[in-house]
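Architecture at a glance
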Amino acid sequence: MRYIILVFVLVVLCSPVFAGDGVTTKNFSPPVSVEWEPAFCTYKPQMAIHPEMFYKSLRWELADSVSAHIVVPPGSTYSILADILDRSLAECSPEPYLTEPARNAIEHSPGWLRQDLTITFSRMNEIFQDMFAEVILEADSPYVDEIAFSVARMPAEILSCSYLSPGLLLENAEDIYYQASLLNYVELVEYEDYTTARYRIASDDDTSWVEIPRDIYYWYVVHPKITDETPMYLDRFVSLASDPFAGYNEPPFGAWWRSFLWSESDAGYSPLCEYLDTIDVLWAGLHNTIDGNGAVGAVTQFVQDVLEFDSGSERPHQPLRIYTLHMGRCGEHEDFTVAAARTALIPSRGAEAISTDHVWNEFYAGIGWHQWEPVNTYVDDYFVYEDGWGKVFASVYAPRSDGYTENVTYNYSHDTCDIKVYVLDGAGRRVDGADVILAAEYDDHLYFDTWGTTASSGVALFRLGAGVRMYGRVEHPIGSYPTSPSTVAPLLSGPGSDGRTYTRTMNISSGRMPYLYYTEAEPPDTAWGMMKLVVNYSVPYEKVLGTSFFDDVDGAMYIQRVDSGSIYLFALNETNYSLYLAGEPFEAYFAEPEADSGNFEFIFPREENIYLVLSNYSRMRTYETIDLDVKLYDGTSGIAEPPARRPEMVSISPGYPNPFNARTSFDYSIGGSSGRLRIYNLAGECVFHCNITEPVGRFTWDARDFPSGIYLVSVTDGEGFARSRVLLLK
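A brief report on the enclosed structure follows.

The rules we used
- Residues numbered from 1 in each chain as written.
- Predicted model: local features only at pLDDT ≥ 70, side-chain atom pairs only at ≥ 80, totals over all residues.
- Heavy atoms only, no water.
- Salt bridge = Lys/Arg side-chain N within 4 Å of Asp/Glu carboxyl O.
- Buried < 20%, exposed > 50% of the residue type's maximum accessible area, 1.4 Å probe, protein only.
- Helix = DSSP H or I, 4+ residues; strand = E, 2+ residues; numbered from the N terminus.
- Pairing = 2+ DSSP bridges.
- Axes fitted to C-alpha atoms, helices over the stretch in contact; angles between N-to-C directions.
- Contact = heavy atoms within 4.5 Å.
- 1 Å grid on protein atoms, 1.4 Å probe; cavity = no way out; pocket = protein on both sides within 12 Å on 5 of 7 lines; lining within 4 Å.
- Points joined across faces, edges and corners; volume = space filled by probe spheres on them.

For the structure on display, the rule yields 28 salt bridges. For Arg103, the salt bridge goes to Glu95, with nearest N and O atoms at 3.4 Å. Under the relative-accessibility criterion, Glu95 is labelled exposed at 61%. Ionic pairing is found between Asp418 and Arg463, a salt bridge with its closest N-O pair at 2.3 Å. Here Asp418 is found in strand β17 (residues 416-425), whereas its partner Arg463 is found in strand β20 (residues 459-465), with 45 residues between them in sequence. For Asp418, a relative accessible area of 14% puts it in the buried group.

Structural data, given as structure tokens:
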């Protein structure tokens, strides 16, 4: 539950840590500890305009507005200055450093790719920004989106490794359009800002054209990276046994696998195009067969013809080197099958069960993915491994081209369970971007199984086979758990139960996440001349950096979108905004910690500028995406001068008790025999009112039906006005 009250709280997650050498088996439900410093009111009777002049007769005139769709990088801030002199709103946040060509390339690319391009370019130095911006800017129009996607969704570390040539991305896109023009079962479909493909698929005695989703086309047809290799021009005759980059060579000595596999071959073999020239359907819907099974059957035959199931001392994962050796085990078959399939414009990816030492493939047809293993002529046979081979999977995942792993265990195991892992720092705060590594136990031995990354929630979720003992490890820039390298801690002490969800907590006790230290500030005095900020915002999603563990380039990181994010939101004056930027403790007029959406009004005087701050300071690997609408209003009432003050005649005491959780009382006095008592929240809304019939008296407010927060209590006799402030805590 989020407590959005105008007492500024520090939200601290508290949880049990691992006991001894294992993790507690108690389900984790993060409790919330609210720390506050009471804002006791000092008795200061004062006069002001009648409240109705503020909230009923006041006219709010729109002075300025800002609507934005923004990305706030980890550790960064987006701010808007409400300038009282200019009656204007100004964005005052630093933008990520991008070279001019990079900015032009982003603008030249489809709108849906610009956010990812900005993130990727900002993670590279100037030289590589300009290199990959140039290939986007110089490409002919049919290829721009394919090239821009390949740059946007390639780990920045791989783009910066000097082996991936920008020209390869252009050749890759050109090959796709060329091959599509020659194939009978696929057509490219061009929309205003993206491309996809449609395929002829056989079903019973009929065929139909089915269009695949946009992202399936870009990720599993277009993307030049398959699993853990670096896309590069390769001299296929150079051994990669000791160095995965040893064969790098630009054309004409180096070749690109999509171009080579399509039209070239070694002596005694045929190129892939000859297997496909008479094929009319992507897939005929047949199971575990080659003949008459469309392009899926043809590629299955091609793989069987060019690769034996064997291996030597060299175990490459570059498709052209695998082809040149003409042999490989399941790992080489996985990589080569994806390359052959994408050359044939079949959407394809790998499927991996690492801890049980087997991998295979999947292809996309119709409306979903289908199991595929050409070396064994398996087509759409999901449970052959569990039912036929006797495999007991800990997990099965499908690697995406950038290194992210999609869990597909439910497709290959009859019985599954879930593990939800919370990762906290030494102060009990959530850790974003933590790499959670799982290992499985088979025959008293531990084997690497899978990995995932925590979002800003500090959670990573895994779907697992229900029959395996599991262990875990967490790694993050602030530290690791367990602290000793290459060690793990138990997560499931016994086989999991089908359908059950297990919750575990892993605590990096030696590390601390960045944290904002702030306290409540006295609300500004709005007695004369008011302005108002009206804010609506939502954080529809976030993008988290995670580590790709098997990549040839060490430290390569993928970017994964997570639906629903959160942000810290503050309203600060100039002094406290400076303290915030300096990393010092500060006071906030208004705060919403880790909110995913909200709307509020904040009223302030024409005496000081106000900064609206959306802070991602406490995140280290998460980019928050925010839809924001801010309006600045100027309040006018037509009153030129305040009424005469009579402080000695109108007064109200501090509430007692204060803070309170149910009832509080006030002593008051007025200058006449009748008056009015009103109670307002900080948005200026009157939440309670009553008549006063005695010049001196005591009033008790029963607030059991009101939400926690700060309330302003006012007394007026029509000429004078006094107020007090109370804090309701429940």
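The three strands are arranged β20-β17-β24 in an open sheet whose pairing can be described as mixed. At either margin of the open sheet sits one strand with a lone partner, and together these are β20 and β24 (501-508). On average, each strand axis in the sheet is tilted by 25° relative to the strand beside it, whichever way the strands run. Across seven bridges, β17 lies against β20 in antiparallel orientation.

One can find Glu694 in the loop between β37 (686-692) and β38 (696-702). For Glu694, a relative accessible area of 45% corresponds to the partly exposed category. When the C-alpha atoms of Glu694 and Ile670 are compared, they prove to be 8.1 Å apart, with 24 residues separating the residues in sequence. If we skip the residues at most four places from it in the chain, Glu694 touches Tyr668, Ile670 and Ser673.

What follows deals with empty space enclosed by the protein. Enumeration according to the criterion identifies five cavities of 30 Å³ or more in this entry. Of the residues forming the lining of the second largest cavity, the biggest block, three residues, is contributed by strand β27 (residues 557-563).

Strand order in the open sheet made by the five strands is β5-β4-β32-β28-β30, with antiparallel pairing throughout. Unpaired on one side and paired on the other, β5 (88-91) and β30 (590-595) mark the two borders of the sheet. Ignoring which end each strand starts from, the neighbouring axes of this sheet average 15° apart. Where strand β4 (residues 77-83) meets β5, four bridges bridge the pair, whose relative direction is antiparallel. Counterpart to Leu81 in the pairing with β5 is Ala90.

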